[in-house]
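Listed below are the residues making up each chain.
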Amino acid sequence: MSSRPSFRRAGLLALSLAATSSLVAAGPCDIYSSGGTPCIAAHSTTRALYSAFSGSLYQVKRGSDNTTKAIAPVSAGGVANAATQDSFCSGTTCLITIIYDQSGRGNHLTQAPPGGFNGPEPGGYDNLASATGAPVTLNGQKAYGVFVSPGTGYRNNKASGTATGDAAEGMYAVLDGTHYNGGCCFDYGNAETNSRDTGNGHMEAIYFGDNTVWGTGSGSGPWVMADLENGLFSGANTGNNGGDPSVSYRFLTAAVKGQPNQWAIRGGNAASGSLSTYYNGARPRASGYNPMSKEGAIILGIGGDNSVGAQGTFYEGVMTSGYPSDATENSVQANIVAAKYASASRTSGPQLSSGSSVSLRATTSGYNTRYITHSGQTVSTQVVSSSSSATLKQQASWTIRGALAKAADGGCVSFESRDQPGSYLRHYDFVLRVDANDGSKQFGEDATFCSQTGFTGSELSTVRAWGYPTRYVRHYNNNVYAASNGGVHAFDAPASFADDASWSVSAGFA
């Protein structure tokens, strides 16, 4: 184990104290640099990670005309200028196309290409994230994170300065500790340069989720673990390591670091308190991991072979050259806490009141007498009026309930069928249907929606799928889908998307 001179520790303590009083006194990468382990990649859509950084944090592309806009901090070292994004994206959809590297090395993250697994986009590329799917505030200032749905991923296979072979490195990420699944693999960190599984020890990345195929920690998860390729590791054992706790902080700091025959997992509440060490010791007891064979690509939201089954939310993260000391990481944690991450509303426009009955009318010209209805499981739009049958009025009415997704915050809701109590509107393979609530995590997420201001008028509403915030409830050929503004399905067609996804919400027929 390497040691640090005492004067460096004293400097880190001073930086730690400074970080608690000001967001820009010393950014995370300033702290890492002072500790002798400088950032070689720094990614965030919420804030600058250096006190002097004033460049572009990320780029968005809007669906109305496919033009792009770079989003910078409001001021050097500060929070992202969400107002710039909101103005640019008003009345349409926006995707995050680039997450810029603030380190100056050009290690930007862009749409992940196909690899061992294909993504859902043409050519096997992964989806891009919604630019508005993960709103938060930092010290009261609005910003947006990166909401990763299954199929979404970012990558850089030609990164500069990242650790290769058995070289030392560290990394941390601030994540939403309530947004996860058991898919492979919600990662941030070091991966293969050809997007394929090239063997044990060829990765070193932070993983977060409750996957139990490889390693596990205590409880039922989710856990912070390390994806070292062909295994998610919670400690020295290839299976369970009881020292790695289940964690579910709304804002979670996760850290992994490794050097020859030593590595560690650390974590804590990103909104308060200090980091805890979940594991610190020798490399896993399996072949291929000592020494490591890291390749140096950078991934976000996916596995090293482009496995695309995971979900999670990313706010900020860095990778370093060298093995950071615990003191350095503790100072970074103090800086993160000082940033004061907090939840923000995911809804806007006309509000939906829990317990009320509503009906949703299409507003597209020629279809504006049609409402979202169902017959049994099948959802469609039908013409409904005051003279319609009592049965049809019931089928066109929905009771607003609190969000069934346990991780949903910010005012999202679920739509319960009026004529089939206990059954809810949900998407399945992006087709809307009505099913009985089975109480599962997956059902709750599929049946949770967030109402926002309509694309074509402030008096109207769009209804966005909580778990897939690039997708909105849309009528197409009189059927109803969770559709994106452009995509691989016929119902994703961009023509008339804004009209088809804008609804007039009124008191229910029943």
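K.L.:
When you look at the overall build of the protein in this model, what are you seeing that I'm missing?
P.N.:
The helix and strand inventory of the protein stands at 7 helices and 33 strands. By the compact-globule yardstick of 24 Å for 510 residues, the protein fits well, its C-alpha radius of gyration being 23 Å. Partitioning the intrachain contacts of the protein with sequence separation of at least 6 by distance along the chain shows that 68% fall at a separation of at least 24. Total accessible area computed for the protein in this model is approximately 17,200 Å², and 48% of it derives from carbon and sulfur atoms. Of the charged side chains in the protein, 32 are positive and 34 negative, and the gap between their average positions amounts to 5 Å.

K.L.:
Help me understand the nonpolar core, please; the structure alone is not making it clear to me.
P.N.:
Across soluble globular proteins, nonpolar side chains show a tendency to be buried alongside one another. Among the nonpolar cores identified, the biggest contains 82 residues, and Tyr154, Tyr172 and Val224 are the most heavily contacted of them. Tallying contributions element by element places strand β11 (residues 169–175) first for this core, with 5 residues. Other than its neighbours up to four places away in sequence, valine 224 contacts Ile206, Tyr207, Phe208, Asp244, Val247, Leu252, Ala254, Ile265, Arg266 and Tyr278. Residues Ala362, Val379, Val434 and Phe497 belong to the second largest nonpolar core, which totals 29 residues.

K.L.:
Can you help me understand the side chain of arginine 250 in this one?
P.N.:
Among the structural elements, arginine 250 can be located in the loop between β15 (232–233) and β16 (252–259). By relative accessible area, arginine 250 is classed as buried at 18%. Engagement of the side chain of arginine 250 in a polar contact is seen with the side chain of tyrosine 315, the distance being 3.1 Å. A polar side-chain atom of arginine 250 sits 2.9 Å from a polar atom in the side chain of aspartate 409. Not counting chain neighbours up to four residues away, the residues in contact with arginine 250 comprise Val136, Leu175, Asp176, Gly177, Thr178, Tyr315, Ser343, Arg346 and Asp409.

K.L.:
What is the right way to read the pattern of salt bridges from this model?
P.N.:
Once the charged atoms of two side chains with opposite charge are near each other, the side chains can pair. Here the structure, examined in full by the defined rule, presents 20 salt bridges. Residue aspartate 86 is joined to lysine 142 by a salt bridge in which the shortest nitrogen-to-oxygen separation is 3.1 Å. Placement of aspartate 86 in helix α3 (residues 82–89) and of lysine 142 in strand β8 (residues 141–144) is noted, with a sequence separation of 56 residues between them. What makes lysine 142 partly exposed here is its relative accessible area of 37%. Ionic pairing is found between arginine 474 and aspartate 500, a salt bridge with its closest N-O pair at 3.1 Å. Taken as a pair, arginine 474 in strand β31 (residues 472–476) and aspartate 500 in helix α7 (residues 497–500) lie far apart in primary sequence, 26 residues in all. You can call arginine 474 buried: its relative accessible area is 1%. Three or more residues joined by partner-sharing salt bridges are found here, namely Glu169, Glu204, Arg283 and Lys294.

K.L.:
Sorry, what's going on with the pairing of strand β23 (residues 370–375) here?
P.N.:
With 5 of 6 residues buried, β23 is to be regarded as a mostly interior element. In the sheet, β23 pairs with strand β24 (residues 378–383) via 6 bridges, with the strands oriented antiparallel. For histidine 374, the partnering residue across the bridge sits in β24 and is valine 379. What sits between the antiparallel neighbours β23 and β24 is a turn of 2 residues, in which glycine 376 has the positive phi angle 65 degrees.

K.L.:
For this particular structure, what's the right way to read α3?
P.N.:
The α-helix advances 3.6 residues per turn, and as a result positions three or four apart in sequence lie on the same side. Those residues of α3 that sit buried are Ala82, Gln85, Phe88 and Cys89. Looking down the long axis of α3, one finds its buried residues gathered within 130 degrees of arc, a one-sided arrangement. Opposite the buried face of α3, at more than 90 degrees from it, the exposed residues are Ala83 and Ser87. Residues of α3 that are buried in the fold lie against β2 (58–62), β3 (68–71), β4 (94–99) and β8. Following α3 by one or two positions, glycine 91 adopts a phi angle in the positive range, close to 80 degrees.

K.L.:
Just to check I follow, could you spell out unusual backbone geometry for this structure?
P.N.:
For residues besides glycine, phi is generally negative; the peptide bonds are generally trans as well. Cysteine 185 follows cysteine 184 through a cis peptide bond whose omega is -10 degrees. Considering the arrangement of structural elements, one finds cysteine 185 in the loop between β11 and β12 (187–191). Note the cis peptide between glycine 221 and proline 222, where omega equals 5 degrees. Along the chain, proline 222 turns up in the loop between β13 (204–209) and β14 (223–227). Notably, asparagine 230 is not glycine yet its phi reads approximately 60 degrees, a positive angle.

K.L.:
How should I be thinking about the side chain of asparagine 241 in this particular structure?
P.N.:
Tracing the sequence through the fold places asparagine 241 in the loop between β15 and β16. Given a relative accessible area of 10%, asparagine 241 falls into the buried group. A distance of 3.1 Å separates a polar side-chain atom of asparagine 241 from the backbone oxygen of asparagine 237. When neighbours within four sequence positions are excluded, asparagine 241 is seen to be in contact with Thr216, Gly217, Ser218, Ser234, Gly235 and Ala236.

K.L.:
What is the right way to look at helix α4 (residues 326–339) in this model?
P.N.:
Relative to the 20 Å expected for 14 residues at 1.5 Å per residue, α4 spans 20 Å between its end C-alpha atoms, a close match to the ideal helical length. The complete set of buried residues in α4 reads Thr328, Glu329, Ser331, Val332, Gln333, Ala334, Asn335, Ile336, Ala338 and Ala339. Following α4 by one or two positions, lysine 340 adopts a phi angle in the positive range, close to 55 degrees.

K.L.:
Before we go on, may I ask you to explain the environment of threonine 320 in this structure?
P.N.:
Locating threonine 320 in the fold gives a position in strand β20 (residues 312–321). Looking at threonine 320, the relative accessible area reads 1%, which means it is buried. On a C-alpha basis, the gap between threonine 320 and glycine 215 in space is 25 Å, while along the polypeptide they are 105 residues apart. Within polar-contact distance, the side chain of threonine 320 engages the backbone oxygen of glycine 322 at 3.0 Å.

K.L.:
Mind showing me how you'd approach the state of the cysteines here?
P.N.:
Working definition of a disulfide: a covalent bond connecting the sulfur atoms of two cysteines. For the structure on display, the rule yields 4 disulfides. At a sulfur-sulfur separation of 2.2 Å, the disulfide partner of cysteine 29 is cysteine 39. Negative torsions about the S-S bond denote left-handed disulfides, and the value of about -100 degrees found for cysteine 29 with cysteine 39 makes this one left-handed. Placement of the pair is cysteine 29 in helix α2 (residues 28–34) and cysteine 39 in strand β1 (residues 39–44), with a sequence separation of 10 residues. For the pair formed by cysteine 29 and cysteine 39, the shared burial category is buried. Between the sulfur of cysteine 184 and that of cysteine 185 lies a disulfide, 2.0 Å long from S to S. For the disulfide bridge between cysteine 184 and cysteine 185, the dihedral angle about the S-S bond is near -85 degrees, and by the sign convention the bridge is left-handed. Under the relative-accessibility criterion, cysteine 184 is labelled partly exposed at 23%. The class of cysteine 185 is buried, set by a relative accessible area of 1%. If the cysteines joined by disulfides in the protein are listed in sequence order, their pairing comes out as 1-2, 3-4, 5-6, 7-8.

Thresholds, definitions, all that
- Residues numbered from 1 in each chain as written.
- Predicted model: local features only at pLDDT ≥ 70, side-chain atom pairs only at ≥ 80, totals over all residues.
- Heavy atoms only, no water.
- Helix = DSSP H or I, 4+ residues; strand = E, 2+ residues; numbered from the N terminus.
- Rg over C-alpha atoms; globule rule 2.2 N^0.38 Å.
- Contact = heavy atoms within 4.5 Å.
- Areas by Shrake-Rupley, 256 points an atom, 1.4 Å probe, with all protein chains shown as cover.
- Lys, Arg positive; Asp, Glu negative; His and termini not counted.
- Charge placed at Lys NZ, Arg CZ, Asp CG, Glu CD.
- Core = buried A, V, L, I, M, F, W, Y, C linked by side-chain atoms within 4.5 Å.
- Buried < 20%, exposed > 50% of the residue type's maximum accessible area, 1.4 Å probe, protein only.
- Polar contact = N/O pair within 3.5 Å; in protein donor to acceptor, adjacent residues only side chain to side chain.
- Salt bridge = Lys/Arg side-chain N within 4 Å of Asp/Glu carboxyl O.
- Pairing = 2+ DSSP bridges.
- Arc of directions from axis to C-beta.
- Expected span 1.5 Å × (residues − 1).
- Disulfide = S-S within 2.5 Å.

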